[in-house]
Every structure is written in structure tokens, then in C-alpha cells.
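One letter stands for each residue in the lines below.
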Amino acid sequence: MPAVTDESSAPEQCVILVGGLGTRLGALTASTPKPLLPVGGRPFLEVLLREAARFGFRRILLLAGWQSDQVTSYLTESEIARELGVEIDVKVEPVPAGTGGALWQARDALDDRFFMLNGDSWFDFNWLSLVTAPWRTDTLAAIALRQIDDPSRYGVVETDGAAVRRFAERPDRPGPAAVNAGVYLLSRSIIDALTPDCSLERDGFPRLAAAGRMTSVRRSGRFIDIGVPDDLAAAQTDVPLWRRRPAVFLDRDGVINEDTGYVHRIEAFRWLPDAVEAIRRLNEAGCYVFVVTNQAGVAHGRYDEAEVAPLHDWVQAQLRERGAHVDDFRFCPFHPQAAVAAYRREHAWRKPAPGMLLDLASRWPVDMARSLMVGDKDIDVEAGVAAGVRSVKIAPGRLLREVEVFLGAAQSAAS
């Protein structure tokens, strides 16, 4: 059998299929691409773009077909790329070629490994868990599976452990079964299994499964497919509700890394032993994870403000390789006794003031009543209390324990 290889690096590219006709929606898609149909007052595609951005994807490729000019217009008029801080490109298939054909035609724009999403469904789980799925030397695809009570609309995916063995268009027996939930991690070499006009679902994936070249993860997150009128109607309330979730606000130095004093260089950053696992657990539980950190070293002239973001980018990359991520970062470079005059003042973002937490809550759909602030100093707790969230002070190396308590209490409250 082929040896297991280290294929854990997380891709930076996310491809979204937005070229389908949406015939099951009738007149709704007669002149509008299905992913641009409004859900909760915004195009459904925006949900996927925001999710991709929060999981750390900075380059997004849309594979368009039907009414592709509307997709391009949406990107231009909404300025969504600038808002999310991502690069978004569009590839238009010249003639309808199926999901596999669309990917084949875009082959020159694909990274060696990339994520891919169906543009008409949202599976709310930690997408980065696909990065840590079993990946052998000859594996070409990892697929997310979701248990569905009635899988007849989707077909069934049969597995042996994590290995995908067969795709069946109809279930062999009544009852729940695992289905393809439309989130994938793919090798660019999958192109060799495709043709210029083919379906991934009916041609490419079954071929890979039969050859033993697909792996999977099973998750139980919330799932919706807007491809039929009833589910599109349900999405109007479900999607905004699902996006509103608790957050855990984390101080940085002394909580996720050793506080050795004014940490601002990658070589000086040392993870605390439980931090990555704690963040991953929060990701798996569906919580937002934010880092809020005072950076007085900028105010005191020890390093420049421009040096903070690259360190946080590195932290994010390290987390993503381990199947975890931070949704957003905030830092405050001001201090009332700053050595650098430009930073010498009180500021609403400097803890114990709650400004960083409140800014995040204004930009993300956070349920503050169910959220938590974790720090290693009294000012962290004071900031959290001022922002209206439960707050705890921990010793270094105790983050995972506190996360387990938080998640356990949330589970008990929900049951």
C-alpha cells in the first residue's frame, strides 16, 4: 500500500462553482444565477465568500457560466473583495461543460492543492478539518460528508473508514445516509481524471473512489442547499440565524503564546502547548475566535505597527496547517505614556477599555450574551466585562481547560 505522506499544508486558494442553471428553481433563476439569489437580504454567494475569508483563504476563484456577467457585476458593485481583504477572480466557461468540465477548463488557474465549494449550498463546519484528513501519496481528493435523514435528493457516499469507496445516485435502503456536502480539498492532478465536458459528481468522483484515491471527513454541522424552492425559503431565516454565534475573545501573549516581552518577531513567538488544540476545539464547536491584544511595544518604539500584521499572518498559517484558524485579529498600538508621540494617548481600543471587542462585535454577527473573554491579566477581564461578555483570567497553559469548561457549559445549556 502507498505510504502516508505529509500533505498537511493548508491551501490558500478556494474555488467556488457558480455556473449552474438552477432549473429546479424555475422562474427564480430564469435571469439570475442561483448563487446570486438573495438569502437574508444578501446574495447567497456572499455567505460563501465570507466563510472562505474567515477560514483564511485569501484568493478565491469563481467558475461561472450561466449569466456570468451578473457575477462580475456583483463583484464590482459590492466591493466585497476589498471589504474581506481577498482577491477574487472569475473564470467563465465558454460553453456549458458540467462541474468537471468547468474545473478542467480552469486548470491553468488552479494551485497544486485547493479547496472547492458548491455555490448553492453551505455546510457549516470547520472546513480546515479536511486539511488533517488522511491523505496518501496517491490521494487526489478529500470530501466532506454529512448524514441526511432523507438522502434521496443527493445520492449516497459509501466509505470504508475515511476512504471513499462508492457513489450511489440512489440509496440502497431507506433511512439516513452520508451524502456529498459540497466542500472539497483537491489536488490539481484531479484534472487527469476529468474531460473537457463532464460531471464531477457522476464521472470524476466515482472514478476516483473506485481507484481508492478519495478520502473523507464526516461532520454534523448545519447544512442547507438552496437548489429547491422550499430550502431557499428556509434559508431566508436559517442562514442569518446560523451565522450569529458565540465568540471567544483571546488575549495573545500569555494566552496563546509565551509572554517573553514585546513579542513581534516570528522567531520569538513560542506557542503555549495547549493553544492550537484549544482554538481548534472552538472552531469545531462553531464559535468565532478573535485575538485582541495590546501592543505597547509599538507605542514605546520597540517595533513598528507594520510588523504586527505579518506576525499574525504567520500565526494564522501555523494554525491552518493544523486544521484551526482565528477569524479576526485586533491590536492596539497606543499607550498614555508612549515614547512615540504619535501613539501617546488614551485609546478606546486599549484594554481595559472594550473597544477591540466592541469593534469586532459590530463587524461580525456575534452573540455577545453567549461569548467569553480569556486573558492572563486583570485588564483583559475588565475589557471583557465592559464589553458585556463573561470573562476569565487564566495562567499560561490553561487555555484548553478553560475552553473545555466553556464548551461543556454551552452544550449543557443547549440540551
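Along each chain, the written sequence defines residue order, and numbers are assigned to residues from 1. Thresholds applied to this predicted model are a pLDDT of at least 70 for local features of residues and 80 or more for the giving and counting of side-chain atom pairs; totals over whole chains, interfaces and linings are not thresholded and use all residues. The side-chain numbers reported here are obtained from all heavy atoms of the structure, hydrogens and water having been left aside.

J.: Mind laying out the sheet that holds strand β14 (residues 247-250), listing which residues take part and the relevant values?
T.: Between any two strands, pairing holds if DSSP finds at least two bridges. The helix count covers DSSP runs of H or I at least four residues long, the strand count covers runs of E at least two residues long, and both are numbered beginning at the N terminus. In spatial order, the strands read β16-β15-β14-β17-β18; together these five strands make up an open sheet with parallel pairing. Pairing within the sheet leaves two strands with one partner each, and these edge strands are β16 (328-332) and β18 (390-393). The mean angle between the axes of side-by-side strands here comes to 20°, regardless of whether they run parallel or antiparallel. In this structure, β14 lies alongside strand β15 (residues 288-294), joined through four bridges in parallel fashion. Bridge pairing in β15 places L250 opposite V291. When checking whether two residues touch, look at their non-hydrogen atoms; a contact exists if any pair is within 4.5 Å. Between N-to-C directions, angles span 0 to 180 degrees; the directions come from axes that are lines fitted to C-alpha atoms, helices contributing only their stretch in contact. Packing against the sheet, helix α12 (residues 399-414) makes contact with β14, β17 (372-375) and β18, and its axis sits at approximately 150° to β18.

J.: Give me the packing of aromatic side chains: which residues, what numbers.
T.: In summary, the pairing rule links any two rings of Phe, Tyr or Trp, Trp by its six-membered ring, whose centres are within 6.5 Å, and it sorts them by plane angle into stacked for under 30 degrees, edge-to-face for over 60 and tilted for everything else. Evaluated as defined, the whole model comprises 15 aromatic pairs. Ring centres 5.4 Å apart and planes at 40° place the aromatic pair F249 and F290 in the tilted group. Here F249 is found in strand β14, whereas its partner F290 is found in strand β15, with 41 residues between them in sequence. Residue F249 shares its accessibility class with F290, and that shared class is buried. With 5.5 Å between their ring centres and 70° between their planes, F269 and W314 make a pair best called edge-to-face. Taken as a pair, F269 in the loop between β14 and α7 (275-284) and W314 in helix α9 (residues 308-321) lie far apart in primary sequence, 45 residues in all. Since its relative accessible area comes to 6%, F269 is described here as buried. Residue exposure (1.4 Å probe, protein chains only): buried if accessible area is under 20% of the type maximum, exposed if over 50%, otherwise partly exposed. Of the residues examined, W314 reaches a relative accessible area of 22% and is grouped as partly exposed. For the cation-ring pair, R107 lies above W104, with the distance from its terminal atom to the ring centre recorded as 3.7 Å. Only when the NZ of Lys or the CZ of Arg is both within 6 Å of the ring centre and within 35 degrees of the ring normal is a charge said to sit over the ring. Above the plane of the ring of W135 lies R113, whose end atom (NZ or CZ) is 4.6 Å from the centre.

J.: Account for empty space enclosed by the protein, with residues named and values stated.
T.: In this analysis a 1.4 Å probe is tested at points of a 1 Å grid over the protein atoms alone, and where it fits but cannot get out there is a cavity; an open set with protein on both sides within 12 Å along at least five of seven lines is a pocket; lining residues have an atom within 4 Å of a point. Grid points are joined across faces, edges and corners, and a volume is the space filled by probe spheres set on the points. What the rule picks out here adds up to one cavity of 30 Å³ or more. In this structure, the largest cavity spans a volume of roughly 30 Å³. Around the largest cavity sit L48, L117, N118, S121, W122, F123, W127, A181, G182 and V183, which together line it. Going through the elements one at a time, β6 (113-118), β7 (121-124) and β11 (177-187) are the ones with two or more residues in the lining of the largest cavity. For this classification, Asp, Glu, Lys and Arg are treated as charged, while Ala, Val, Leu, Ile, Met, Phe, Trp, Tyr, Cys and Pro are nonpolar and the rest, including Gly, are polar. Looking at the lining of the largest cavity, its residues break down into seven nonpolar, three polar and no charged.

J.: Give a description of the confidence of the model for the protein chain that names residues and reports values.
T.: Confidence in the prediction of the protein chain, expressed as mean pLDDT, is 93, and 98% of residues score 70 or more. Confidence scores labelled pLDDT are given residue by residue by the predictor and lie between 0 and 100. Throughout residues 1-7 the model reports pLDDT below 50, and contacts reaching past four residues in sequence, or to other chains, amount to 14 contacts.

J.: So what's going on with helix α5 (residues 200-210)? Which residues, and what values?
T.: All of the buried residues along α5 are L200, G204, F205, L208 and A209. Here the buried residues of α5 occupy an arc of 130° about the axis, which is enough to place them on one side. Summarising the geometry of α5, the exposed residues directed more than 90 degrees from the buried face are R202 and A210. Looking at the buried side of α5, the elements it contacts are α4 (98-105), β6, β8 (141-148), β10 (163-168), β11 and β12 (214-219). With its phi angle positive at about 75°, G212 sits one or two positions after the end of α5. The directions considered for the arc are those from the helix axis to the C-beta atoms.

J.: Tell me about the pattern of salt bridges, residues and numbers included.
T.: Every case where a carboxyl oxygen of Asp or Glu lies within 4 Å of a side-chain nitrogen of Lys or Arg is listed as a salt bridge. Evaluated as defined, the whole model comprises 32 salt bridges. For E51, the salt bridge identified is with R54, shortest N-O distance 3.0 Å. One end of the pair is E51 and the other is R54, both in helix α1 (residues 44-54) and three residues apart, which spans about a single turn. Across the salt bridge formed by R252 and D253, the nearest N and O atoms sit 2.8 Å from each other. Residue class for R252 comes out buried when judged on its relative accessible area of 1%. With a relative accessible area of 11%, D253 lands in the buried category. Here the salt bridges share partners, and the residues they tie into one network are R219, E277, R280, R281, E284 and E404.

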